[in-house]
Every structure is written in structure tokens, then in C-alpha cells.
Amino acid sequence: MTQSPVFNFHPLTAPKKGNAVLLIGKDLELGSIGRTLDEASDGAVGRAIKAADFKGELNKTLVLLAPSGSELDRIILLGIGDDELSETDWLHLGGAAMAAVKGFEKASLILDLAKGDVSAASASLFTMGMKLRAYDFDKYKTEKGKKPEEKPALSAVIQVAEYEAAQEAWQRDAVVSDGTLLARDLVNEPANVLGPEEFAAKAKALEELGAEVEILEQAELEAQDMWALLGVAQGSVRGPRVAVIKWNGGKEGDAPIAFIGKGVVFDTGGISIKPAGGMEDMKGDMGGAAAVTGLMHALVARKAKVNVIGAIGLVENMPDGNAQRPGDIVTSKSGQTIEVINTDAEGRLVLADVLTYIKETYEPRFMIDLATLTGAVLVALGNQNAGIFSNSDEMCAQLSSAGEATGETVWRLPLSKEYDKMIDSTFADMKNTGGRWAGSITAAQFLKRFVGETDWVHIDVAGTAMGSPKNEINQSWASGYGVRLLDRLVADNYEA
Ligand code: BES
Ligand code: MN
Ligand code: ZN
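What you see is a predicted model, and the numbers here were worked out from it, not measured in a lab. (Residues numbered from 1 in each chain as written. Chains lettered and ligands numbered in written order. Predicted model: local features only at pLDDT ≥ 70, side-chain atom pairs only at ≥ 80, totals over all residues. Heavy atoms only, no water.)

With the rule as written, the count across this model stands at 1 cavity of 30 Å³ or more. In this structure, the largest cavity occupies an estimated 40 Å³ of space. Residue lining of the largest cavity: Gly231, Val232, Gly235, Gly270, Ile271, Asn317, Met318, Ala323, Gln324 and Thr343, and that is the complete set. The residue makeup of the lining of the largest cavity, split by class, is 4 nonpolar, 6 polar and no charged. (1 Å grid on protein atoms, 1.4 Å probe; cavity = no way out; pocket = protein on both sides within 12 Å on 5 of 7 lines; lining within 4 Å. Points joined across faces, edges and corners; volume = space filled by probe spheres on them. Nonpolar A, V, L, I, M, F, W, Y, C, P; charged D, E, K, R; others polar.)

Surrounding the zinc ion (ligand 3) are the protein donor atoms Lys262 (NZ), Asp267 (OD), Asp285 (OD) and Glu346 (OE), at 2.0 to 2.4 Å. If you look at the zinc ion (ligand 3), its 6 donor atoms make angles of 78 to 173 degrees with each other, and the shape they trace is octahedral. Every donor residue of the zinc ion (ligand 3) comes from the same chain, spaced as K-x4-D-x17-D-x60-E. Between the zinc ion (ligand 3) and the manganese ion (ligand 2) the interatomic distance amounts to 3.2 Å, and Asp267 serves as a bridging ligand to the pair. Of this pair, Asp285 sits in the loop between strand E11 (257-267) and helix H9 (287-301) while Glu346 is found in the loop between strand E14 (337-339) and helix H10 (347-362), placing the two residues 61 residues apart along the sequence. By relative accessible area, Glu346 is classed as buried at 1%. (Donors = N, O, S within 2.8 Å, 3.2 Å for Na, K, Ca; no water. Tetrahedral: all angles 85-135°; square planar, octahedral: opposite > 155°, others 65-115°. Helix = DSSP H or I, 4+ residues; strand = E, 2+ residues; numbered from the N terminus. Buried < 20%, exposed > 50% of the residue type's maximum accessible area, 1.4 Å probe, protein only.)

Next up on the list: the site of ligand 1. The local shell around ligand 1 holds 16 residues, among which Lys274, Asp285, Asp344, Glu346 and Gly375 are the closest. With respect to ligand 1, the side chain of Asp344 contributes an N or O atom lying 2.8 Å from an oxygen atom. The contact in question runs from a nitrogen atom of ligand 1 to an N or O atom on the backbone of Leu373, over 3.5 Å. Counting atoms within 2 Å of the grid points, the majority share of ligand 1 lands in the largest pocket. Residue classes in the shell around ligand 1 are distributed as 4 nonpolar, 5 polar and 7 charged. (Near = heavy atom within 4 Å. Polar contact = N/O pair within 3.5 Å; in protein donor to acceptor, adjacent residues only side chain to side chain. Sits in = over half its atoms within 2 Å of the grid points.)

Shape is all these values report; function is a separate question.
Quick look at the structure:
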């Protein structure tokens, strides 16, 4: 795999060797280090700006090779535009910087501005942007093929006035980055390698960080009456798992908060089989479970002051002589019966039983589920926003602000009795599809029948977990969406 850069934080000094990245706004004023380098090079930096007609626009770069007056290989100017920089701007600037120094051994990132110091928090976000941008899922590119030559990891020196505080902020943000990259790895991994058992082992590995992890296998799931989940799994030769990751960083006796993820390691659709075109993307149908695992990594590694449960339902949805059929009626753990109209609406069947299990076993303060649940959410919101559905206005507000802050944005869609009616069944308590229209909403109405009075949010990440357009902080098919969003939700609202 491409090696992650090594980051160190130093005070501001004029770098002598390697590559220097300097920030510059639309006013084209350099910070003090930039001015020093410009003077040493007899004004080459200023001349280059003019010659290239460089405007200092946000995330745009200008490269000067072998500038005179120093032994530097390059001076790279990185535009910051002219607006106040938001948190996501700093993150994306780091990404743009990483793109400019990719493949080099050494880079000094000089975080000073003509108009003043850069805060420690901004420096840490910039570093996170670099780390997220550097990610490349290239483990299956063999040496003889297209794999880029193995280079030593980039040694990146982040220079900033408050370098000690920045280093401290980075201790926290680094593990949130790790959680995001873990989620990307899990989504990118093909289903032949990552089945339910292998995914459960990845969850189990969080014990090394200090979490407690329980894995429920077939017999235990049967004993728990999770027949909706088991019905989905029965067409696969690979048995289901439910992994429950627990972290008690809060007060003893405080009700935990709970995150629940859809982990369909591959979704063929089952007997209601999907068309062949693009079906390979369904290796990512565990994006919700990947986000929960990455989030738990982050929360445990940073010793978050909260009691939290991460639960993931891991199954494979296959057509087979033993697979469930359209028309089958299953009894969920809650006791409610479900007529399976379409075996491709499997995620809600898995989540129904995991939601019930977590609600009954842990009586959580709230439950948030993440799931690549419907193609319809892509029709509604594209890759730009996840759809949220909830019985709590307060939690929606909290999620919206966490989304704005992190750039992992959400958009609320409605629930109502009228939509709920659409999943009433002739033969059972409910059916697993609600017809052609409002597909994301009827899926959410289905889940709502399993949460009772508990505060709950469903996040449909079908458009955001995978296949997202490339951007400054992600060049990979899998985005790791949800980890930074929910880490922020917890930090801002639920930590002591
Ligand atoms: N995993 C799919 C949803 C999906 C689609 C995720 C595209 C990511 C990208 C889900 O299990 C599914 O098949 N949903 C059906 C529901 C329908 C049968 C009611 C859908 O969206 O078509
Ligand atoms: Mn499906
Ligand atoms: Zn699915």
C-alpha cells in the first residue's frame, strides 16, 4: 500500500532543502518566510507570480523549480483565495498541498499568512487533509503491472507558530483520519476477501485499542430470534455475523449512545437479482458498517468521554437453492412479521433485527443507523448529501451542524403516517418494499417500525459512501463518509 506521510510540527523557519509550500492569498502578499525566500532568490517568487499570472485562488498552485538563493528543489505557492477560511477550506488546502508534493521525499508546509498566524486547529485540519489525500488503495496492483514505484514515505514538516498546540490537536485528528481510512479500506476491499467472518475479525481487532468486542455467530443469532437478518443470509454459504463494539469512556451507568451499520458484504439482490451492469459496486454495500467501524476506531483511539456501542449486521445477499423467496414471511426479533416482496430490499431486514437487539439489550440514549439502503437516495440527493430521516428534530439539527463543520453534509427527508401506510401488507404486519415512489422514505418508515420511542436517525449513505466524485481530500472510490461527521456529532454534543 502507498505509505502514509510522516508528519512533524516545527516552528516557522526558512527551509533550506527539499520542497517548500507557501500560502498566498488573492492580495498576492507572502507571509514572513515567503518574503525571506523571495528576497534570497532576488525576487524570483514575485516574478514567477507575474509571469504565470497566478491569482492566489483557493487550492490553486504555482511551482517554481530550483529557485536561486537556496538549495530548495521547489517553492510551491498554494492559493488561499480571499475569504475567511472555514474548517473544510483548511482540510481541502491540506489536500491540495498533498497533491503538489506527492512523490517527493521531503516537504516543508509553511503555515503563515501575510495577515497573521495560523491557528493550531487549522494546522491540524490541514494535516488531516494531507493524510486523507495521500490515501491510495493500490494493494492489488502488482509490481509488474501498474503499481507506482514504491517510494519512501513523504516526510512532511508542518511549520506553524503554535507548533506545540498543533501537534497536540493532531494527536486527536490523526486517529479520526485513521478511522476514515479504515472505513475506505473496508469499502474498497472486494467481497471475496472481505466476507462476514473477515469483517467481524476487523471489528474484533479494535480490542487492541481498548474496546470490548462481541461477535454473534449463526447459533447465537438464531437463539436471539433474528429471523429477518437470518433470512437474508440463508442464500450464502458464508454465515452471518453481528459484531458489537463497546467503549465505556463516559460515566458509569450512563446510557450508551449507539451506532448501527448495514454490512451487506455483497448484494446480488438475491432471487430478485440485480442487473449485471455495475453490480461490482455492491461490494460496497457494507459502507454503513465500515463507517461505524471507522468511527469506533476513532472514538476508542482518542478515548472519547462517552459510553458508546457500535453494532454491525454482516451478511451476504446471494441467490441460491436455499435463498429466501419473494412472498416469504419472516418473523423479526421484535415479533413483527414481514412479507418479503423483493429480496433486494435486504438492508432494512438486517437493520430491523440489529436495531431491535441493540434497543432491547442496551437501552441506548439514541440510535443512529448508517446504511447504503436505497438507489432512490441517489436520485434525490446525488453524491453530495446523505439523506437523514428521524423522529428527533434536535438530533437532525445537531447532525446538520456537524455536517456543515466537517463537509460531510446531510439533508433531511420527511416521514409521515401516509408514507407508513405504503408498507402495510395483505399477509403480514408489513412488507419490505413500498412500491415505486418515495423509495428512500418507505425504507426509512420500515426501520421506524423497529425503534419504538428511542431517539433515532437513519442515514442513507448509498450516494455518499462510495462512487463519490474525486475531490481535494479523496481520490478513492470509497470516501469513508460518516466517520468525521459522527465523531464531530459526539464531540460537540455527547462528551462529558
Ligand atoms: N444496496 C442497495 C441500494 C444501493 C443502490 C446502494 C445503489 C448503493 C448504490 C439496496 O439493497 C437495494 O437493492 N435497494 C433497492 C430497494 C428496492 C428493491 C425497493 C433499490 O434501491 O433499488
Ligand atoms: Mn439490495
Ligand atoms: Zn443492499
